[in-house]
Amino acid sequence: MDLSSINPILLLASLMVAATPLLLAAVGELVVEKAGVLNLGVEGMMITGAICGFAIAVNTGNPLLGVLAAAAGGAVLSLLFALLTQVALANQVASGLGLTLFGLGLSALIGQGYQGIRPPSFPRLNIPGLSDMPVLGRILFSHDLMVYLGLIIVTAVWFMLKYTRAGLILRAVGENHEAAHALGYKVVRIRMMAILFGGACAGMGGAYISLIRVPQWTEGMTAGIGWIALALVVFASWKPWRVLLGAYLFGGVTVIQLNLQAAGVAIPVEYLAMSPYLITILVLVIMSADKSSAPASLGRIFHASR
Amino acid sequence: MKLTKLLTTAALALGLATGAMAQDKLKVGFVYVGPVGDGGWTYEHDKGRLAVEAEFGDKVETVFVESVPEGPDAERVMTQMALDGAKLIFTTSFGFMDPTINVAAKFPDVKFEHATGYKRADNVSTYSARFYEGRAIQGHIAGKMTESNIIGYIGSYPIPEVIRGINSAFIHARKVNPDVQFKIVWAYTWFDPAKEADAAKVLIEQGADVILQHTDSTAPLAAAAEAGNIIGFGQASDMGEYADGPRVSSIIDNWAPYYIARTRAVMDGTWTSTDTWDGIGPGMVGIGEITDKVPADVKAEALAMKEAIAKGEYHPFTGPLNKQDGSAWLAEGEVADDGTLLGMDFYVEGIEGTIPN
């Protein structure tokens, strides 16, 4: 065992990188579920975003355009879900599962010919002075922009839900869509926008994996992270800060357990391998003891005539 | 009543007719653990499938299901394939072993071929490649080229196949570089690019400048390319797209000849349950081109070793070798038997850490 080979500064820095895709996808899904829609297609939207972002970044040489394309790709795919569930009033669970399968297939199709290509590298934040600080500079001020974007989105979502009228309306739609409708709010339109936002966030989360974390395109490369994002929203009791905590915990424990393994710590590897799931669930379940519950209209179909 | 009877008979006759027509074509099924575009393990199996199609043309029909999880779901997929008329089914991951045996018991007329396992039945063959022969060459190059003397190894699951590879690489790295150390990380997955990349990054952060992988995607090479000044090897497939980056050589699985031979055996009715374990000699394991990053003398030694292994003059597990706890395993000049290799559950002397159960 040689713990000195673990560099805590690099560890904390890579923790933030490992957490970001999960954070982006989960905070998008949180907004969707707050509006009363259950979209199980996160995995499909992520992988679609991953390839859209990758293809555009490679073809234009501009990774930022890639991120925009990923957001657009995820949103377009989620539009399909929105049309099915909000206009055609299809079952949300089935539509969401279908969306995941469709996204996986579609991304494999688009991805033909993009295997083994190296994407343009993503600019890192470099603030003279701040980024050069010992310790803190590496941990806090020299990441790629997407890490900060993730944090900004979480903050914005929290602020919007808690302090703005728009947030209040969104929550009202999610809690009781008939009452919201009676008050004159356009339930379907609001839900559509929430779904599109969720799709865009998931798409960016996917692009983070294909453009920054790995970086390359491989079929099926999200490998289930979308499902973890879905579970995270539930365990975080639909609260943005808890999603942030959960994502960082999950990312953190994932990276730490790999580090401990490489350093040869004598904890059995099976326990290390399951620890990210276990610790994240445990912490969030303990925190959610305050009886906060799901949006009351979650997953229910709304039709104005009823 | 009569009408219904007539219709039933007609339907039956039609069913028999289409059944008979389908008999002309041999349906061959493939169950994959990852996507066909993983660029590694599954990609090579799928190349084998395409080779079967190219060889037999109209006489075969191949079907495959990709990204099948190892577990109960695999049984469902295989059952469905057998029900759909597949007469020969290749299941291409270690974790499909028990599902294959279970489903094979239900379909005695269907032939099954399971890769890398050890359980056989009258209608279940096993086949695998001696990847450890390639690992010996990798270990040699890695030991010669590392400057930090730390070699990172990304394992998938602690099964004999993977442990064999670690031991083989380690023995040959140590032989040329007594200071070399292995840092081993278990990813507990065959295919998860994000996790594989994370593992590679962690190993690089902890000082490794050579990354060996026993997982299926090219993600570790991508992570190595991003870090710079790191070398790695293509796993299961050539991964030649990283040849101008970290990839200095590769182990290539070549399944096509085996798949063609087995398909032909089913067509001829000569198929029997067998156990195949071929290496560099018969061509089931290939060594990808060694790039110019490797010094010429190291490259020559590596190629000489490949030649010796192919001719059967050299066995990667030749004594004297001790087990990790220091107890003797192979005496001077003694060669490991296949039984021990197939069930290998111990590290050789010098590797640090324990194998998870």
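Before reading further, recall that the structure is shown in the block above.
Just so it is clear, the structure is predicted and the values come from calculations on it, not from any experiment. (Residues numbered from 1 in each chain as written. Chains lettered and ligands numbered in written order. Predicted model: local features only at pLDDT ≥ 70, side-chain atom pairs only at ≥ 80, totals over all residues. Heavy atoms only, no water.)

### Looking at the interface of chain B and chain A
Taken residue by residue, the interface counts 34 residues in chain B and 31 residues in chain A. Together chain B and chain A conceal approximately 2,700 Å² of surface at their shared face, both sides included; 53% is due to carbon and sulfur atoms. Contact with chain A buries area across many residues of chain B, yet Asp-198, Glu-205 and Gln-206 of chain B alone supply 20% of it, more than any other trio. Viewed at the interface, chain A and chain B are joined by two salt bridges. Scanning the region where chain B abuts chain A turns up eight residue pairs in polar contact (both at pLDDT 80 or more). If you list the elements that add at least two residues to the side of chain B that touches chain A, you get strand 7 (181-186), helix 7 (193-205) and helix 8 (219-227) of chain B. Ranked by residue count, the leading element in the side of chain B that touches chain A is helix 7 of chain B, at 10 residues. (Contact = heavy atoms within 4.5 Å. Buried area = accessible area lost by both parts, 1.4 Å probe. Salt bridge = Lys/Arg side-chain N within 4 Å of Asp/Glu carboxyl O. Polar contact = N/O pair within 3.5 Å; in protein donor to acceptor, adjacent residues only side chain to side chain. Helix = DSSP H or I, 4+ residues; strand = E, 2+ residues; numbered from the N terminus.)

### Section: the nonpolar core
Ranked by internal contacts, the top residues of the largest apolar core, which has 107 residues, are Val-42, Met-146, Trp-217 and Tyr-248 of chain A. For this core, the element with the most residues is helix 1 (residues 8-34) of chain A, which contributes 15 residues. Once residues within four sequence positions are removed from consideration, Tyr-248 of chain A is found in contact with Leu-15, Met-16, Ala-19, Leu-23, Val-147 and Leu-151 of chain A. Counting residues in hydrophobic clusters, the runner-up holds 95 residues, among them Ile-89, Trp-271, Trp-277 and Tyr-347 of chain B. (Core = buried A, V, L, I, M, F, W, Y, C linked by side-chain atoms within 4.5 Å. Buried < 20%, exposed > 50% of the residue type's maximum accessible area, 1.4 Å probe, protein only.)

### So, the layout of surface pockets
Estimates place the volume of the largest pocket at around 1,300 Å³. Looking at the largest pocket, it is lined by 47 residues, and the ones nearest its centre are Glu-43, Gly-220, Ala-223 and Gly-224 of chain A together with Phe-191 of chain B. The set of elements that each furnish at least two residues to the lining of the largest pocket consists of helix 1, helix 4 (92-110), helix 10 (225-235), helix 11 (240-263) and helix 12 (269-287) of chain A together with helix 3 (72-83) and helix 7 of chain B. The leading source of residues in the lining of the largest pocket is helix 4 of chain A, at six residues. Of the residues assigned to the lining of the largest pocket, the class counts are 26 nonpolar, 11 polar and 10 charged. For the lining of the largest pocket, the two domains that each supply at least three residues are domain 1 (2-129) and domain 2 (131-253 + 284-310) of chain B. Considered as a void within the structure, the second largest pocket measures approximately 570 Å³ in volume. Taken together, 24 residues form the lining of the second largest pocket, with Val-17, Arg-124 and Arg-138 of chain A together with Lys-201 and Glu-226 of chain B sitting closest to its centre. (1 Å grid on protein atoms, 1.4 Å probe; cavity = no way out; pocket = protein on both sides within 12 Å on 5 of 7 lines; lining within 4 Å. Points joined across faces, edges and corners; volume = space filled by probe spheres on them. Nonpolar A, V, L, I, M, F, W, Y, C, P; charged D, E, K, R; others polar. Domains from an automatic or database assignment.)

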